[in-house]
Amino acid sequence: MNGEERGIKVVTILGTARPGNYTGKALRIVNQELGQSGVDVDFVDSADLALSFPGQNGSPDAAELRARVKQATALILATPEYHGSFSSMLKLVIENLGFPSVLSGKPVALLGVAAGRIGAIKSLEHLRGVCSHIGAIVLPAPLSVANVQQVFDEEGKCLDEKVEKMLRSLARNLLDYVHKHVCPRLTLEAIARGDFSVDELGDEGLKTPTQGS
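These numbers come from a predicted model, not from an experiment. Sequence order sets the numbering: in each chain, residues are counted from 1 along the sequence as written. The predicted nature of this model means local features are confined to residues of pLDDT at least 70 and side-chain atom pairs, given and counted, to a pLDDT of 80 or more, with totals for whole chains, interfaces and linings taken over all residues. No hydrogens and no water enter the side-chain calculation; it runs on all heavy atoms of the structure.

A. Representation of the overall build of the protein within the structure. For the protein, the helix and strand inventory stands at six helices and seven strands. The helix and strand sequence of the protein, counted from the amino end, reads β-α-β-α-β-β-α-β-α-β-β-α-α. The proportion of buried residues among the 213 residues of the protein is 48%. Long-range pairs, those at least 24 residues apart, make up 74% of the contacts in the protein with a sequence separation of at least 6. Here the protein displays about 10800 Å² of accessible surface, and carbon together with sulfur accounts for 51% of that area. Numbering goes from the N terminus for both helices and strands, where a helix is a DSSP run of H or I of at least four residues and a strand is a run of E of at least two. Working definition: with a 1.4 Å probe on protein chains only, accessible area under 20% of the residue-type maximum means buried, over 50% means exposed, and in between means partly exposed. Between two residues, a contact is recorded if the distance between any of their heavy atoms is within 4.5 Å. Each accessible area is a Shrake-Rupley result for a 1.4 Å probe, and residues are judged covered by the shown protein chains and nothing else.

B. How the structure looks around the pattern of salt bridges. Salt bridges, as used here, are contacts in which a Lys or Arg side-chain nitrogen is within 4 Å of a carboxyl oxygen on Asp or Glu. If you walk through the whole model with that rule in mind, you get seven salt bridges. Of the charged contacts, one joins Arg 168 and Glu 33 as a salt bridge, the two residues approaching to 3.0 Å between their closest N and O atoms. In this pair, Arg 168 is assigned in helix α6 (residues 161-193) and Glu 33 in helix α1 (residues 22-36), connecting sequence segments 135 residues apart. Residue class for Glu 33 comes out buried when judged on its relative accessible area of 10%. Between Arg 172 and Glu 33 there is a salt bridge, and its shortest N-O distance comes to 3.1 Å. With Arg 172 in helix α6 and Glu 33 in helix α1, this residue pair connects regions lying 139 residues apart in the sequence. One continuous salt-bridge network, built from bridges that share partners, spans Lys 9, Asp 42, Glu 64 and Arg 68.

C. Helix α4 (residues 121-133), seen in detail. Relative to the 18 Å expected for 13 residues at 1.5 Å per residue, α4 spans 18 Å between its end C-alpha atoms, a close match to the ideal helical length. Buried positions along α4 lie against β3 (74-82), β4 (85-86), α3 (88-95), β5 (107-113), β6 (137-138) and β7 (143-145). Here a helix's expected span is defined as the number of its residues, less one, multiplied by 1.5 Å.

D. Molecular detail of the nonpolar core. Of all hydrophobic cores here, the largest spans 32 residues; its most connected members are Val 30, Ile 76, Leu 111, Val 145, Phe 152 and Leu 167. Among the secondary structure elements, those contributing two or more residues to this core are β1 (9-14), α1, β3, β5, β7, α5 (148-151) and α6. In terms of residue count, the dominant contributor to this core is α6 (nine residues). Aside from chain neighbours lying at most four places away, what touches Phe 152 is Tyr 22, Lys 25, Ala 26, Ile 29, Lys 157, Cys 158, Leu 159 and Leu 167. What we call a nonpolar core is a set of buried Ala, Val, Leu, Ile, Met, Phe, Trp, Tyr and Cys residues that are connected through their side-chain atoms within 4.5 Å. Val 11, Ile 94, Leu 103 and Ala 136 belong to the second-largest nonpolar core, a separate cluster that totals 29 residues.

E. Expanded view of the confidence of the model for the protein. Each residue gets a pLDDT score, which is the predictor's confidence in that residue and runs from 0 to 100. The predicted model of the protein has a mean per-residue pLDDT of 88, with 83% of residues at 70 or higher. Below pLDDT 50 for its whole length, residues 209-213 participates in 14 contacts with residues either more than four positions away or in separate chains.

F. Quick look at the pairing of strand β2 (residues 40-45). In this description, strands pair whenever DSSP reports at least two bridges between them. Relative to β2, β1 runs parallel, the two being bridged by six bridges. Pairing of Ile 13 across the sheet is with Val 44, part of β2.

G. Structural context of helix α2 (residues 60-70). For α2, the full list of buried residues reads Ala 62, Leu 65, Arg 68 and Val 69. Down the axis of α2, the smallest arc covering the buried residues is 125 degrees, so these residues share one side. Exposed and facing more than 90 degrees away from the buried side of α2 are Pro 60 and Lys 70. Elements in contact with the buried residues of α2: β1, β2, β3 and α3. As used here, the arc belongs to the directions running from the helix axis to the C-beta atoms.

H. Region of interest: the environment of Glu 125. Checked against the element boundaries, Glu 125 lands in helix α4. Judged by its relative accessible area of 53%, Glu 125 falls in the exposed class.

I. Fine view of unusual backbone geometry. Omega for the peptide link from Phe 99 to Pro 100 comes to 0 degrees, which places this bond in the cis form. Position of Pro 100 relative to the elements: it lies in the loop between α3 and β5. Despite not being glycine, His 83 shows a phi value in the positive range, around 50 degrees. Along the chain, the position of His 83 falls in the loop between β3 and β4. Residue His 83 is classed as exposed on the basis of its relative accessible area, which comes to 87%.

Dropping the structure here:
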């Protein structure tokens, strides 16, 4: 891992529990691109979580999820489009992130998939509104994958070179934002805490302090 990526953690959340879902196939490519960039990728499969409905007692999985998101430098939320909106599974994930939400102040990139030819436009609009309402920094240009059942085969291989390029660009665009807007702030905060001095920056310039420093 190079110095530029050291300490960057991206949490990616799969917002569906449907077996063999196409959303996960799209998100897998994004995760691959993030991993190749050298960042710490923390993949959250919502199907593996036992989450509580609003008004119920919180679950251990919810507490662990909040802790993972709190440690994130940035996030990617992925959803299928169901009935003109994002999935109820992803909404439940968001409901379990606390109030105030641990998403507040976090850069978030959005990914949506749909079987129809117009893509996941409506679900991404709704998801953007919810994330913005709870204080997340939603990046522009969310990615919508249309006709998703024709884009991936059963093994998860992407059959459309253009779509694969866009999925990888989603990861790179998020990292570009982190490098330009998050890393300098974290470095200045670390200097203020006395974690290191300006002289220690050397030729690398502003960098991301290691998580937990």
